[in-house]
Amino acid sequence: DYRILHEADLRDYLAGLPDIAALLGGEASSWAITEVGDGNLNLVFIVKGASGGIAVKQALPYVRLVGESWPLPLSRAHYEYLALSKQAQLAPGLVPAVLHHNEVLALTVMELLEPHIIMRRGLVAATRYPRFVEDITTFMARTLFFTSDLALSAAEKKEAIAAFAGNHALCKITEDLIFTDPYRIAEQNRWTAPHLDGLAASLREDLELHVAVSRLKLKFMANPEALIHGDLHTGSIMVTDSQTRVIDPEFAFYGPVGFDVGAVLANLLMAYFASAGHERAPGDRAAFEAWVLETVEQVWTEFARKFLDLWRAGGTGDAYPVSLFAGEQGAARLEAERQSYMQRLFADTVGFAAAKIIRRIFGLAHNIDFELIEDPRTRAVSEARAVRLARAMMVETASFRIIADVTNAARKLRDW
Ligand code: SR1
Ligand code: MG
């Protein structure tokens, strides 16, 4: 039966798993077990033994951030396990290895990522990650392309959609917290400084913004393009100088590709605007901020390049039958169509990125990029710059034709 595992139960449970016990080594009584979860939903334990360590994640039957008043299905742990397994197959080495999964306990044992840290923490400390672009774009291009209609047969795709369709409670969190609540009075909304009261009120009255965010919401709800991670912010990415691992795909379902790409760009852009509010040596600040914007550009260009290359090399899905594009003319027309697909995907990405920014400033769940800025006024200024960019990205999406349009607009707002 499901029960919330506390340290003693977890020790007994792990001791009963021969492979895990052997990996940890020594007597079970000597294992060091620490609960380290700082996310919004789950328990996370680090367990260390004489010869190795593991991470154990257990879903709680409610939202940890809010408490038992907000129940949440345990099945999310199983969807996370399914997503991790698929991602491991499509993007080997870029997700943590799963060592054990118990669907009833909603528990997954994974390899311990050490010395990796949560990327968001690194960004707050102005750390630059040279591997990031290469790894995150490989992860996104491969997981998104190979689960799309560009790569799968119609039957495979429909089976795959059905396998994740039950994860709708997690989708509902996104539908409410990202696409609805920040734009209306909602009990759970919060912002961290009274300086933002006026801006919060203006979002609630901004009908053009309401139309734009509702279009994005519909796109999120009604476009099962590919198996998306569903919560691909920098708190779901663990890094070292030389490695990147994407964690926590419990929000995974078949949704729009641009939602994942937009999440990565949004979180980089927030790191950029937050930078002005953190203590940094002036040279470090400039170098970090330049790196962040360069990374925003490279994430899009490298993702688009890899996605297109996969399509050119292996577009064997049912969506664009090869037989309809025979000969030189057919190939040229298909290539033009690929370019227009990417242009549409870019517009989706820009819009979703904007929604992801606004939710972190006016919705329930915030991020430490901004929250660790101590002075409320400084924090509000950084957040207001980010919101100003986000509003333009959401309402005037068509004016952002290439990724440099986004970074140039961010640069202009840096000292606004
Ligand atoms: C109630 S859950 C709030 C947020 O935490 C997760 O990380 C997702 O981003 C979700 O929207
Ligand atoms: Mg998470």
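Residues numbered from 1 in each chain as written. Chains lettered and ligands numbered in written order. Predicted model: local features only at pLDDT ≥ 70, side-chain atom pairs only at ≥ 80, totals over all residues.

## Description of the site of ligand 1
Right, so step 1: N40, L41, V63, L65, I173, T174, L177, D231, L364 and A365 make up every residue found near ligand 1.
Right, so step 2: Considering every element that reaches the shell around ligand 1, the biggest residue donor is helix 7 (residues 168-177), with three residues.
Right, so step 3: Two domains share the shell around ligand 1, each providing at least three of its residues, namely domain 1 (7-111) and domain 2 (117-413). (Near = placed C-beta within 6 Å. Helix = DSSP H or I, 4+ residues; strand = E, 2+ residues; numbered from the N terminus. Domains from an automatic or database assignment.)

## Digging into the sheet that holds strand 11 (residues 244-246)
Right, so step 1: One open sheet holds the three strands; their spatial order is 8-10-11, and the pairing between them is antiparallel. Whereas interior strands pair on both sides, the edge strands pair on one side only; in this sheet they are strand 8 (117-118) and strand 11.
Right, so step 2: Here three bridges tie strand 10 (residues 237-239) to strand 11, and the two strands are oriented antiparallel to one another. Note on strand 11: the bridge partner recorded for M238 is R245. (Pairing = 2+ DSSP bridges.)

## Considering the nonpolar core
Right, so step 1: Of all hydrophobic cores here, the largest spans 115 residues; its most connected members are L265, L269 and I357.
Right, so step 2: Take this core: its biggest share by element is 14 residues, from helix 10 (residues 257-275).
Right, so step 3: Looking at which domains feed residues into this core, each of domain 1 (7-111) and domain 2 (117-413) supplies at least three.
Right, so step 4: Sequence-distant contacts of L265, that is, excluding residues within four places in its chain, are made with V296, V299, W300, T349 and A353. (Core = buried A, V, L, I, M, F, W, Y, C linked by C-beta atoms within 7 Å. Buried ≥ 20, exposed ≤ 12 C-beta atoms within 10 Å, placed from the backbone. Contact = placed C-beta atoms within 7 Å.)

## A word on the environment of G122
Right, so step 1: Relative to the assigned elements, G122 resides in helix 4 (residues 119-124).
Right, so step 2: Each C-alpha atom of the pair G122 and L345 lies 29 Å from the other, and the pair is 223 residues apart in sequence.
Right, so step 3: Aside from chain neighbours lying at most four places away, what touches G122 is I117, T127, Y129 and V239.

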